[in-house]
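This is what each chain is made of:
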Amino acid sequence: MFIHLNFCFCALLSQTKTGIALLYDEVSENAYDIRLKLTKEVLTIQKQDVVCVSGSDHSANHRTVTLRRQPVGGLGLSIKGGAEHKVPVVISKMFKDQAGKIYIYVNGINVESATHEEVVHLLRNAGDEVTITVQYLREAPSFLKLPLGKRKLTDRSNLFASLLYLLILIYSAQAPSSPSSPIANEPKYEKRWLDTLSVPLSMARISRYRAGTDKLRSNAFEVLALDGVSTGILQFYTAQESADWLRAISTNISDLTLQNMKMANKCCSPSDQVIHMGWVHERLEGTDSSQLYKFKFLALKGSSFYIFSTPPVSTLDWVRAEKIYNLCEVLFKIHKLWLADDCWLQANLYLGIHQDFDLEDHRPYCFSVMVGHGKSHYFNVELCSELAVWEKSFQRAIFLEVQRTGSKTYMCSWQGDTLCFTVDFALGFTCFDSKTKNVLWRFKFSQLKGSSDDGKTRVKLLFQNLDTKQIETKELEFQDLTAVLHCIHSFIAAKVASVDPVFIDSQSIARKYMYSN
């Protein structure tokens, strides 16, 4: 039993990752030291704070006094500090040398976490008599000799020195000794990492980009929970550190997503299983031709490809998708890869299977899903490994749907006649009269030698006659030609995969690229 418990404890420790980073404020350009703690389910942000580790409680040094406002000089005190400076509001100057005291209450109102301006406003409007509760500090704790947590990415050394001097001045103020509080029992303080924010990773998402743009943050990213809670911008010192943390967090999110899929599939029939799901960025065209990006949640389930604005968390949520497409009638295409795997080196190099694609942005790891009527959705993911998973998942989902469906029939016409065109996994292509059901022609998949279309409704299919070896051209007109062409592509790819799955794997652009790196 002891050995088993010890093994579980060691396994738990091995699943925890910790490290130092910066919490970056894009508005003020300030960054604060933080520590990250990553477990399988939660990312925790820790900030350094001062805790009393021994000695008497703070309340032993609390004093309550009543001040009367004077016609000249007011209450006769000056204050410094405030929550905006990460220090308490302190009396820095007072009659009778009563400086060096931290405000606790003003007229019964707790101001320990108040800003400088809030305390000033409260004192000015407190009336002629003000009752304040303060706390004495006898000496500067050792933590003040350490670097402060606040950092400015630009040169602000003078401000840094001033703040440090102010803190030392405040905490060095001596309080009158008290016989009831012996020095041996005075409180001792230490600087420790304390949890300030925990972000659950289940259905969480990551972004390295400034909101809505394709502007990449340098060595930084943001993690957002399902409920919208954000870590803020996590800034790292090197690209390698940023990449390591990005991979680690992404891996944990993926593992939790897989667990959610398994739970969801227990309530679904074998033909309606979730193959894959996860967050992506979708590119949207703005009214002024600008490019906007928005988080979308994609899912491959049963016979359909779903696009959500938020993840489905219940069975009813699946019918609330923004878009639902039949998997047989979509086409997955990879557009861009960067040569530096998961490290955002600023280079304008890319690999792709569509060299003529117009590279209108700077995001790597992009793919599109073409749907009916010539429309398409353009997506971006954070890592090449994610792109490879989406590529493989689309292939698998489409192949499974083709095998389940067996055949798809579309209404079409030619020279005024209404016909039916069937794509069958076992038989190939069949065209028959919609009224009489008489078969007009039938060819195997292997007999299709080429095709061409007008980009609108008409297509020419070129088949080789097995007896004469001659090419026969069959022209048809469809209401949604794109859906039919995608269906033909899906059935042929599934047929090839059933005969030679190794060949299909060899055509994986993203996986080939990922493994080569």
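Residues numbered from 1 in each chain as written. Predicted model: local features only at pLDDT ≥ 70, side-chain atom pairs only at ≥ 80, totals over all residues. Heavy atoms only, no water.

Per an unreviewed UniProt entry, the protein chain carries the name Syntrophin gamma 2 and comes from Anser brachyrhynchus. The heading Subcellular location (unreviewed entry) in the UniProt record of the protein chain holds the text "Cytoplasm, Cytoskeleton". (UniProt positions renumbered as here; feature names shortened; annotations may be inferred.)

1. Overview of the overall build of the protein chain
Along its length, the protein chain carries 8 helices and 28 strands. Expressed as a percentage of the 517 residues in the protein chain, the buried residues total 44%. Put simply, of all contacts in the protein chain between residues at least 6 apart along the chain, 57% involve residues at least 24 apart. Element-wise, carbon and sulfur atoms account for 54% of the exposed surface of the protein chain, whose accessible area totals about 27800 Å². (Helix = DSSP H or I, 4+ residues; strand = E, 2+ residues; numbered from the N terminus. Buried < 20%, exposed > 50% of the residue type's maximum accessible area, 1.4 Å probe, protein only. Contact = heavy atoms within 4.5 Å. Areas by Shrake-Rupley, 256 points an atom, 1.4 Å probe, with all protein chains shown as cover.)

2. Comments concerning the pattern of salt bridges
Two side chains that carry opposite charge are able to pair once their charged atoms sit near each other. Following the criterion strictly, the structure yields 13 salt bridges and no others. With its nearest N and O atoms 3.7 Å apart, the salt bridge here joins Lys 474 to Glu 472. (Salt bridge = Lys/Arg side-chain N within 4 Å of Asp/Glu carboxyl O.)

3. A look at the sheet that holds strand β22 (residues 407–414)
The 7 strands are arranged β25-β24-β23-β22-β28-β27-β26 in an open sheet whose pairing can be described as antiparallel. Each of the sheet's edge strands pairs with one partner strand only, and the pair in question is β25 (439–443) and β26 (448–453). Shown here is a sheet whose adjacent strand axes are inclined to one another by a mean of 30°, direction ignored. Lying over the sheet, helix α6 (residues 481–499) contacts β22, β23 (417–424), β24 (428–433), β26, β27 (458–464) and β28 (471–478), oriented at roughly 140° with respect to β22. (Pairing = 2+ DSSP bridges. Axes fitted to C-alpha atoms, helices over the stretch in contact; angles between N-to-C directions.)

4. A few points about α6
Between its first and last C-alpha atoms α6 spans 28 Å; for 19 residues at 1.5 Å apiece the expected length is 27 Å, and the two agree. Among the residues making up α6, those that are buried are Leu 481, Ala 483, Val 484, His 486, Cys 487, Ile 488, Ser 490, Phe 491, Ala 493, Ala 494 and Ala 497. (Expected span 1.5 Å × (residues − 1).)

5. Quick notes on the packing of aromatic side chains
Per the counting criterion, the structure on display carries 22 aromatic pairs. Between Trp 441 and Phe 463, the aromatic rings sit 5.6 Å apart at their centres with planes inclined by 45°, giving tilted as the arrangement. With a gap of 22 residues between them, Trp 441 in strand β25 and Phe 463 in strand β27 connect regions that are remote in the sequence. For the residue pair Trp 441 and Phe 463, the accessibility class agrees, reading buried in each case. Here Phe 443 and Phe 463 contribute two aromatic rings whose centre-to-centre distance is 4.3 Å and whose plane-to-plane angle is 0°, an arrangement assigned as stacked. Here Phe 463 lies in strand β27 and Phe 443 lies in strand β25, a separation of 20 residues in the sequence. (Phe/Tyr/Trp six-rings, centres within 6.5 Å; stacked < 30°, edge-to-face > 60°.)

6. Here we look at the pairing of β25
Strand direction decides the pairing type here: β24 and β25, joined by 4 bridges, are antiparallel. The partner of Thr 430 across the bridge, within β25, is Arg 442. In this structure, the hairpin formed by β24 and β25 is closed by a connection of 5 residues, where Lys 437 is found at a positive phi of approximately 65°.

7. Brief notes about the environment of Ile 206
Inspection of the secondary structure assignment puts Ile 206 in strand β12 (residues 205–207). Given the relative accessible area of 10%, Ile 206 is considered buried. Not counting chain neighbours up to four residues away, the residues in contact with Ile 206 comprise Phe 221, Glu 222, Val 223, Leu 246, Ile 249, Ser 250, Ile 253, His 281, Phe 295 and Glu 382.

8. Examining the environment of Leu 123
One can find Leu 123 in helix α2 (residues 116–124). Judged by its relative accessible area of 8%, Leu 123 falls in the buried class. Each C-alpha atom of the pair Leu 123 and Leu 75 lies 8.6 Å from the other, and the pair is 48 residues apart in sequence.

9. Concerning helix α5 (residues 384–405)
Helix length check: α5 (22 residues) gives 32 Å between terminal C-alpha atoms against 32 Å at 1.5 Å per residue, within 8%. One or two residues past the end of α5 sits Gly 406, with phi positive at roughly 85°.

10. Side note on the confidence of the model for the protein chain
Across the protein chain, the average pLDDT comes to 79, with 74% of residues at or above 70. Mean pLDDT across the elements of the protein chain bottoms out in helix α3 (residues 157–172) (42) and peaks in strand β17 (residues 304–308) (98). Confidence over residues 513–517 falls short of pLDDT 50; this stretch has 13 contacts with residues more than four positions distant or in other chains. (pLDDT = per-residue confidence, 0-100.)

11. Looking at the packing of α5 against α6
Taken N-terminus to C-terminus, the directions of α5 and α6 make an angle of 95°; their axes are 9 Å apart at the nearest point. The orientation of α5 relative to α6 falls into the category roughly perpendicular. Here Ile 398, Phe 399 and Val 402 of α5 lie close against α6, whose contacting residues are Ser 490, Phe 491, Ala 493, Ala 494 and Ala 497. Among the residues forming the contact of α5 with α6, the class breakdown is 7 nonpolar, 1 polar and no charged. (Parallel < 35°, antiparallel > 145°, perpendicular 65-115°, else oblique. Nonpolar A, V, L, I, M, F, W, Y, C, P; charged D, E, K, R; others polar.)

12. Regarding the nonpolar core
In this structure, Phe 305, Phe 367, Phe 394 and Phe 421 are the most contacted members of the largest nonpolar core, which totals 51 residues. If near-sequence neighbours (up to four positions away) are discounted, Phe 421 is found in contact with Lys 408, Thr 409, Tyr 410, Cys 412, Phe 429, Thr 430, Trp 441, Leu 461, Leu 476, Phe 478, Val 484 and Ile 488. In this structure, Val 199, Val 223, Trp 245 and Leu 256 belong to the second largest nonpolar core, which totals 23 residues. (Core = buried A, V, L, I, M, F, W, Y, C linked by side-chain atoms within 4.5 Å.)

13. Considerations on the pairing of strand β14 (residues 230–235)
When strand β1 (residues 17–25) meets β14, the two strands line up antiparallel, connected through 3 bridges. Bridged to Leu 23 within β14 is Leu 234. Summarising the sheet, strand β13 (residues 220–224) and β14 pair through 4 bridges and their orientation is antiparallel. The residue bridging Leu 224 from the neighbouring strand is Ser 230, located in β14. Hairpin connection between β13 and β14: a loop of 5 residues separates the two successive antiparallel strands, and Gly 228 in this loop has a positive phi of roughly 95°.

14. Digging into unusual backbone geometry
In this structure, Asn 219 is a non-glycine residue whose phi angle is positive, near 55°. Following the sequence through the fold, Asn 219 ends up in the loop between β12 and β13. Owing to a relative accessible area of 15%, Asn 219 belongs among the buried residues under this scheme. For Lys 437, which is not a glycine, the phi torsion comes out positive at approximately 65°.

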